[in-house]
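Coordinate analysis (summary)
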Amino acid sequence: MDVRAAVAHKAGAPLTIETVQLEGPRYGEVLVEIKATGLCHTDEFTRSGDDPEGLFPAILGHEGAGIVVDVGPGVTTLKKGDHVIPLYTPECRQCKFCLSQKTNLCQAIRATQGQGLMPDGSSRFTLNGEKVFHYMGTSTFANYTVVPEIALAKIREDAPFDKVCYIGCGVTTGIGAVINTAKVKPGDNVVVFGLGGIGLNVIQGARLAGANMIIGVDINPARRELAEKFGMTHFVNPKEVEGDLVPYLVHLTDGGADYSFECIGNVDVMRQALECCHKGWGESIIIGVAGAGKEISTRPFQLVTGRVWKGSAFGGARGRTDVPKIVDWYMEGKINIDDLITHVMPLEDINKGFDLMHSGESIRSVVVF
Ligand code: NAD
Ligand code: AHE
Ligand code: ZN
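What counts and how
- Residues numbered from 1 in each chain as written.
- Chains lettered and ligands numbered in written order.
- Predicted model: local features only at pLDDT ≥ 70, side-chain atom pairs only at ≥ 80, totals over all residues.
- Near = placed C-beta within 6 Å.
- Nonpolar A, V, L, I, M, F, W, Y, C, P; charged D, E, K, R; others polar.
- Pairing = 2+ DSSP bridges.
- Helix = DSSP H or I, 4+ residues; strand = E, 2+ residues; numbered from the N terminus.
- Axes fitted to C-alpha atoms, helices over the stretch in contact; angles between N-to-C directions.
- Domains from an automatic or database assignment.
- UniProt positions renumbered as here; feature names shortened; annotations may be inferred.
- Right-handed = clockwise from strand over helix to strand, strands pointing away.
- Core = buried A, V, L, I, M, F, W, Y, C linked by C-beta atoms within 7 Å.
- Buried ≥ 20, exposed ≤ 12 C-beta atoms within 10 Å, placed from the backbone.
- Contact = placed C-beta atoms within 7 Å.

Near ligand 2, the surroundings consist of Cys40, Thr42, Asp51, Pro52, Glu53, Thr89, Leu105, Arg110, Cys169, Val289, Ala313 and Phe314. When grouped by side-chain class, the residues that make up the shell around ligand 2 number seven nonpolar, two polar and three charged.

Strand order in this open sheet of six strands is 12-11-10-13-14-15, and the pairing throughout is parallel. Looking at strand neighbours, the two that pair on one side only are strand 12 (234-236) and strand 15 (308-311), the edges of this open sheet. Put simply, the sheet's adjacent strands are angled 20° from each other on average, direction ignored. As judged from the four bridges shared by strand 13 (residues 259-262) and strand 14 (residues 283-286), these two strands associate in the parallel manner. Pairing of serine 260 across the sheet is with serine 284, part of strand 14.

Close to ligand 1 lie 33 residues, the nearest being His41, Gly194, Gly196, Ile198 and Gly265. Looking at the shell around ligand 1, the elements that each hand over two or more residues are helix 1 (41-48) and helix 5 (170-182). The leading source of residues in the shell around ligand 1 is helix 1, at three residues. The residue makeup of the shell around ligand 1, split by class, is 17 nonpolar, 14 polar and two charged. Viewed by domain, the shell around ligand 1 spans two of them, domain 1 (2-168 + 337-368) and domain 2 (174-312), each represented by three or more residues.

The omega angle of the peptide bond from phenylalanine 56 to proline 57 is -5°, so this bond is cis rather than trans. With respect to the element layout, proline 57 can be found in the loop between helix 1 and strand 4 (64-71). A positive phi is found at glutamine 101, a non-glycine position, where the angle reads about 60°. Looking at the element boundaries, glutamine 101 is found in the loop between helix 2 (96-100) and helix 3 (110-114). Residue serine 139 is not a glycine yet carries a positive backbone phi of 45°. Along the chain, the position of serine 139 falls in the loop between strand 7 (130-132) and strand 8 (144-148).

As recorded in UniProt, the sites labelled "domain: Enoyl reductase (ER)" (unreviewed entry) are residues 12-367. Between the C-alpha atoms that bound residues 12-367 there is a distance of 20 Å. The span itself is 27% helix and 21% strand.

With that settled, consider the pairing of strand 16 (residues 341-345). Alignment of strand 16 against strand 17 (residues 364-368), held across four bridges, turns out to be parallel. Across the sheet, the residue bridging to histidine 343 is serine 365, located in strand 17. Crossover handedness for the path strand 16 to helix 12 (residues 350-359) to strand 17: right-handed.

Attention now moves to the nonpolar core. Core analysis: the biggest nonpolar cluster contains 103 residues, and Ile59, Val164, Val190 and Val192 have the highest contact counts within it. Of the domains in this structure, domain 1 (2-168 + 337-368) and domain 2 (174-312) are the two that each give at least three residues to this core. Excluding its chain neighbours within four sequence positions, the residues that come into contact with valine 192 are Gly199, Val202, Ile203, Ile215, Gly216, Val217, Phe261 and Cys263.

Neighbouring strands of a sheet are bound in pairs by backbone hydrogen bonds; such pairs are parallel or else antiparallel. Taken in spatial order, the four strands make up an open sheet running 1-2-6-7, and their pairing is antiparallel. Looking at strand neighbours, the two that pair on one side only are strand 1 (2-7) and strand 7, the edges of this open sheet. Each strand axis lies, on average, 50° off the axis of its neighbour in the sheet, ignoring direction. When strand 1 meets strand 2 (residues 16-22), the two strands line up antiparallel, connected through six bridges. Residue pairing in the sheet places valine 3 in a bridge with valine 20 of strand 2.

This is the structure we're talking about:
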């Protein structure tokens, strides 16, 4: 079938809107009509050429929501008409990783997903007869996409697609990193570096967890107001701090953060995030994705003296189990998504969404089909 998609033809180039051909679902696969998709900084990371796994031409997008249109043979848990959120971290419930109960990083299809292909090693997308790669197993910058059954969370039908698409990445990543990865407890002091689409969800997760100080760090002063609405208690603009940021934050938190979160993808900030943690127990969670060739460093003494460096992918969430619950939280008014979706646009304007991300004007842009 013909589908309308934003195609990334080469690294650094704007996306182009094209009519692409999409083959129907094969064994264990599902055809989904995408109704809305958010633009995450990770899409920009790959579009820009910073992603060592980046492939071109590809259909990017991993923060979508839509409706099942058709199912391939062997699909048992979904049917036509079901409302779904595609999962770049699937949940097969059978692999060593899923069965371990120690991680959400299901590996059932990770190898082919990283190669921009479906689990059988082929692509469903072509443009003028040439292969177009899938992206993160989701490719939500298209009005129809094919996704493995294990990479779809079934959600309630009254949830608005243009809001809950954000649960497909940013909301779950931010809130999940606080609840699942860090396990923040009431009274903990938290420092959040980067108050964008992820960091603001870390802030609301920290508030849900009952944190005491919730310190937001961002070079964009315009982030302050919204972050305060989401629960930030103190704002720090590194450009306005006299002297080093780390001792400033350690002093502010009376010895250091119980938990810090890096939500930027900057390896120098990752070091600051670790080093502002409390001696003996402070934990720093890396969420930001750093470009090809980048490495983190610190003095091992920082770890010897009890600070812990961790990472979090998709907020440690098991998508098919946890995403429907987070949709419920939104529908029950427990979490705020609406205020973070600052811009809505048609697919034709998707490049404007990336411009808004760069200028710092948007938190989340959502494309509606
Ligand atoms: P975003 O562009 O919305 O937000 C980034 C924020 O960081 C902005 O507010 C910006 O002003 C701020 N910032 C930039 N440089 C800074 C600095 N030196 N000091 C302080 N603040 C600074 O991006 P996003 O969508 O929130 O994504 C954030 C990061 O998280 C990206 O690297 C993205 O790829 C990554 N990410 C990771 C996961 C995961 O599962 N681990 C999921 C989603 C996104
Ligand atoms: N391809 C990159 C890594 C990108 C990355 O770390 N992705 C996160 C999700 S970001 C969502 O916005 C993730 O889930 N990682 C786990 C995984 O298996 O990819 C690189 O550096 O190669
Ligand atoms: Zn994302």
